[in-house]
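# A look at the structure
The residues making up each chain are set out below.
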Amino acid sequence: MSEIKLGIIGGGQLGSMLSEAARKLNIKTIIYCDDPDAPAKNFCDDFIYAEYNNKDKIFEFAKKVDVITYEFENIPYKTLNELNKLKPVRPKPSVNRLIQHRLAEKDFINKLNIRTTRYVQVESKEDLLPLNDFLPGILKTTTLGYDGKGQYPIKKMEEINSLNINFDNEYILEKLVRLKKEISVVITRFDNHKYEIYEPIENFHKEQILRHSKIPAEISEKIFEQSKEWAVLIAEELKYIGTLCVEFFIDRNENLYVNEIAPRVHNSGHLTINAYNISQFENHVRAVCSLTQVPLKKISNAEMINLIGDQIIPYRDNPKINDNQFLFDYLKKDIKEKRKMGHLTTLK
Ligand code: ADP
Ligand code: MG
């Protein structure tokens with residue numbers, strides 16, 4: 001029986017699903033979160049509620065665990081670095097620092113000769129005004145964005161006055177790609193040239209929020225191979241330990257671009273829970289806890305639908321689902337518009 005205690009920073013649904021995967025492997029989870037009502041509280045073995053810069057609590061957390069990971073990227077680098085002096089943090093703090101900053105992330109990807117959208121740094125309104133060449137585009141905060149938060153789609157420069165953009169933040173402006181499709185590749189790296197990789201997943205977004213995902217992705221052989229190759233290259237270059245997701249765009253001319261990297265398990269990978277022998281969550285726990293690597297086997301094609309806001313209600317009232325369907329209720333207290341409340345996976 002394993003005696004490992006895994007510390008997880010962040011208490012959202014990804015923390016819940018990591019905890020469930022850890023339990024299957026007899027690993028205890030201790031979650032550290034700045035939300036006293038974090039949904040993962042329902043799934044972990046121990047829970048610490050504190051701000052992410054609370055030195056005493058960080059120390060208490062480190063004392064309780066053997067290894068530390070995280071389920072979201074917006075954690076102060078200082079906190080991860082302090083923790084890493086006490087217990088191993090995986091993936092390592094420098095990886096998180098790189099990826100949580102959109103500009104550094106995109107510079108890194110381009111250095112690997114991997115295509116990204118065209119982008120430019122914007123620090124003031126004066127920087128933005130001459131950038132007509134990047135329109136239509138999306139202005140994004142360089143840090144702290146998720147699910148389209150901190151993003152402003154801009155078609156014409158005249159619009160910026162009515163957008164109330166707070167220029168205390170740093171931004172990048174990205175040229176809009178005429179999207180044919182979006183896909184993602186989830187990969188778990190264990191060590192040098194040792195990894196497990198899931199097949200590309202096709203993703204459908206609305207208002208910058210993922211609505212549903214499916215495998216197989218309807219893509220060419222070339223894109224299938226290239227997206228996997230790029231995911232491996234990124235994971236190797238970062239010397240990454242754990243599960244990582246690379247989000248891609250495919251444009252109308254069949255060009256592949258990396259949109260962004262998530263240094264963590266990812267919403268599009270939820271279908272791996274039911275469609276593979278080992279889920280993205282279990283693989284993450286295996287990698288960060290130095291357990292054995294088990295070869296991946298696909299069990300079924302699948303589709304995952306995010307239940308956003310009040311879409312969860314009918315399932316809570318009457319969870320009538322078929323044998324090939326799996327419902328996940330994140331047990332979040334308040335239903336809010338645009339809040340991911342649960343998901344439904346159907347094996348096909
Ligand atoms: P987040 O960190 O919120 O996931 P993303 O940069 O991945 O931010 O953007 C969310 C979604 O918005 C993307 O998955 C895509 O659907 C759309 N989007 C973002 N940037 C672009 C772009 N440059 N061109 C086309 N669509 C985009
Ligand atoms: Mg994204």
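Calculation criteria
- Residues numbered from 1 in each chain as written.
- Chains lettered and ligands numbered in written order.
- Predicted model: local features only at pLDDT ≥ 70, side-chain atom pairs only at ≥ 80, totals over all residues.
- Heavy atoms only, no water.
- Donors = N, O, S within 2.8 Å, 3.2 Å for Na, K, Ca; no water.
- Helix = DSSP H or I, 4+ residues; strand = E, 2+ residues; numbered from the N terminus.
- Buried < 20%, exposed > 50% of the residue type's maximum accessible area, 1.4 Å probe, protein only.
- Axes fitted to C-alpha atoms, helices over the stretch in contact; angles between N-to-C directions.
- Parallel < 35°, antiparallel > 145°, perpendicular 65-115°, else oblique.
- Left-handed = near helix turned anticlockwise from the far one by under 90°.
- Contact = heavy atoms within 4.5 Å.
- Nonpolar A, V, L, I, M, F, W, Y, C, P; charged D, E, K, R; others polar.
- Phe/Tyr/Trp six-rings, centres within 6.5 Å; stacked < 30°, edge-to-face > 60°.
- Lys NZ or Arg CZ within 6 Å of the ring centre and 35° of its normal.

Okay, the coordination of the magnesium ion (ligand 2) next. Reference values for angles at a metal are 109.5 degrees in the four-donor tetrahedral case and 90 or 180 degrees in the six-donor octahedral case. At 2.0 to 2.8 Å from the magnesium ion (ligand 2) lie its protein donor atoms, namely E247 (OE), E247 (OE) and E260 (OE). Here E260 lies in strand 14 (residues 256-262) and E247 lies in strand 13 (residues 242-251), a separation of 13 residues in the sequence. Here E247 falls in the buried class, since its relative accessible area comes to 13%.

A word on the packing of helix 2 (residues 55-64) against helix 3 (residues 77-86). Where helix 2 meets helix 3, the closest approach of the two axes is 10 Å, and the angle between their N-to-C directions is 40°. Our classification of the angle between helix 2 and helix 3 gives oblique. Helix-helix and strand crossings are classified by hand; for helix 2 and helix 3 the assignment is right-handed. Counting all contacts with helix 2, which are made through I58, F59, F61 and A62, the residues of helix 3 involved are T79, L83 and L86. A breakdown of the residues in the contact of helix 2 with helix 3 according to their chemical character gives six nonpolar, one polar and no charged.

A separate point is the packing of aromatic side chains. Evaluation of the coordinates by the stated rule reveals seven aromatic pairs. Aromatic pair Y52 and F72: ring centres 5.5 Å apart, planes at 45°, arrangement tilted. Remark: F72 occurs in the loop between strand 4 (67-70) and helix 3 and Y52 occurs in the loop between strand 3 (46-49) and helix 2; sequence separation between them is 20 residues. The two residues Y52 and F72 agree in class, both being buried. Ring geometry for F167 versus Y171: centroids 5.9 Å apart, planes at 70°, classification edge-to-face. Of the aromatic side chains, those joined through ring pairs into one cluster are Y32, Y52, F61 and F72. The ring of Y77 carries the charged tip of R97 above its face, separated from the ring centre by 4.1 Å. When the ring centre of Y257 is taken as origin, the NZ or CZ atom of R115, which lies over that ring, is 5.6 Å away.

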